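Remarks on the overall topology
Okay, here's what each chain looks like letter by letter:
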Amino acid sequence: MASGPSYPRRSGRITHPGRVAAWAAVLLAALCAAFLTGRLLHAPERTAVEQAQRPIPVTVRAEERIVDARTALAGSVIAGTTQQLGLPVLPDPAIVTRQAVAVGDTLRPGALIGAVSGQPLFALPGPLALYRDLRIGDRGDDVTSLQRALRGIGAEVRISGTVDERTLASVARLFGEHDFPAPTGAGEASPATPGGIRAINPDTALIPRASFIALTVPEAAVVQALPVGTPLGADSPLATVQTSPNIVSFRADAVRSAELTVGQEVEIQAGDSRLAGEITTIGEFAEAAEGKTPGRDIAVTSPDPLFAGLTPGLSVTVLPQDRHEESLAVPTIALRRDAEGSYLLTPGGATGSADTPGSRRIPVTVRYSGNGWTAISAENLRAGTEVALQ
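A brief look at the structure comes next.

This paragraph deals with the packing of aromatic side chains. Geometrically, a pair of aromatic rings is defined through the distance of the ring centres and the angle of the planes. Tallied over the entire structure, the rule returns three aromatic pairs. Members of the aromatic cluster, connected to one another through ring pairs, are Phe122, Phe175 and Phe212. The positively charged end of Arg65 is found above the aromatic ring belonging to Trp373, 4.1 Å away from the centroid. Taking the ring centre of Tyr343 as reference, the NZ or CZ of Arg361 above it sits at 4.2 Å.

See the structure below:
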């Protein structure tokens, strides 16, 4: 019986063991390289995370300083009152022919303000009830008020309520002191002499009401003055004066206002300026209105020349003068507290961290705080010692 083709018998041995070993070596090397590469790439990331989680020590030095514990009160500048000074009756045409005051001057009763079309205007102390031109023999309350005003600037007149020669002479002398002719009602001017009385013709002498205006205060600051040559209208004052100073107004609640008194010194902070001021008035308690909280309106003024230049409406800060003396102080955020009381930590260890074993606890007594600082007293702590912030 014929048999089929025969095949060689396979053995269990690896025919190329060298190749297998080479590939195994290559694979092992690749695995090792991958492992090492992973280690090298991830190590910096872990280091960065560890460093980011590590607290950065922050310290500050204790120091001797003034801790301002005052309560700041927000206020604003309010313009003072003013008075317009002008002739009650203007000539036609009305042109400023003399200006005797300038902005910044202080005006007092008896002074010449200026002249309009040759007509002088004098400031007299009030009250002044002139409503007509006066001549010899005129009588009335307006005469009495004029005589009192003339006495108020040093004139030697008798307060009789009747225009006499001495009253006429006092007016003529006032005109003459400023190089104006004595006023008359006859179309001609009579010059006033040092004697005054003999130069007056009672039949023609006149006291023009348009030449006098009452100043409402003993003295006032000139804030506006029209220059020579300016035409005047019915609403144009020859000059304007400020009869009361600017003030700072602020509102304090019932508790804070009870701690303030009239005459108390304050500090006014306006931008970079620090001005000394004084409380002048404390108003009645007012309910909340117009965006203001309930409380008392308090007015403050200052003699500082810079104060007069503050713009009305400017926001300022008012601080009552109860500032403390210089003392040992630290930033308030450096203070810590536990069951034993307030304390500070001095940094310790190689890194200076307050959490390391080398840190030291310093008990302190808190005195007062303000503007982010706290005045303290403590044993074994002096200015310059570093303490850890929280």
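Within the secondary structure layout, Thr374 lies in strand β22 (residues 373-377). Among the polar contacts listed, one links the side chain of Thr374 to the side chain of Thr332, at a separation of 2.8 Å. Excluding residues that lie within four positions of it along the chain, Thr374 makes contacts with Val67, Leu328, Ala329, Val330, Thr332, Leu335, Val366, Tyr368 and Ser369.

Below, the discussion takes up the pattern of salt bridges. Applying the stated rule across the entire model yields nine salt bridges. Between Glu386 and Arg61 there is a salt bridge, with its nearest N and O atoms 3.6 Å apart. Here Arg61 lies in strand β1 (residues 59-61) and Glu386 lies in strand β23 (residues 386-388), a separation of 325 residues in the sequence. On the accessibility criterion, Glu386 (33% relative accessible area) is partly exposed. Residue Asp142 pairs with Arg132 through a salt bridge whose shortest N-O separation is 2.7 Å. You can see Asp142 sitting in helix α2 (residues 141-152) and its partner Arg132 sitting in the loop between β8 (119-125) and α2, a full 10 residues away along the chain. Here Asp142 falls in the buried class, since its relative accessible area comes to 2%.

The rules behind the values
- Residues numbered from 1 in each chain as written.
- Predicted model: local features only at pLDDT ≥ 70, side-chain atom pairs only at ≥ 80, totals over all residues.
- Heavy atoms only, no water.
- Phe/Tyr/Trp six-rings, centres within 6.5 Å; stacked < 30°, edge-to-face > 60°.
- Lys NZ or Arg CZ within 6 Å of the ring centre and 35° of its normal.
- Helix = DSSP H or I, 4+ residues; strand = E, 2+ residues; numbered from the N terminus.
- Polar contact = N/O pair within 3.5 Å; in protein donor to acceptor, adjacent residues only side chain to side chain.
- Contact = heavy atoms within 4.5 Å.
- Salt bridge = Lys/Arg side-chain N within 4 Å of Asp/Glu carboxyl O.
- Buried < 20%, exposed > 50% of the residue type's maximum accessible area, 1.4 Å probe, protein only.

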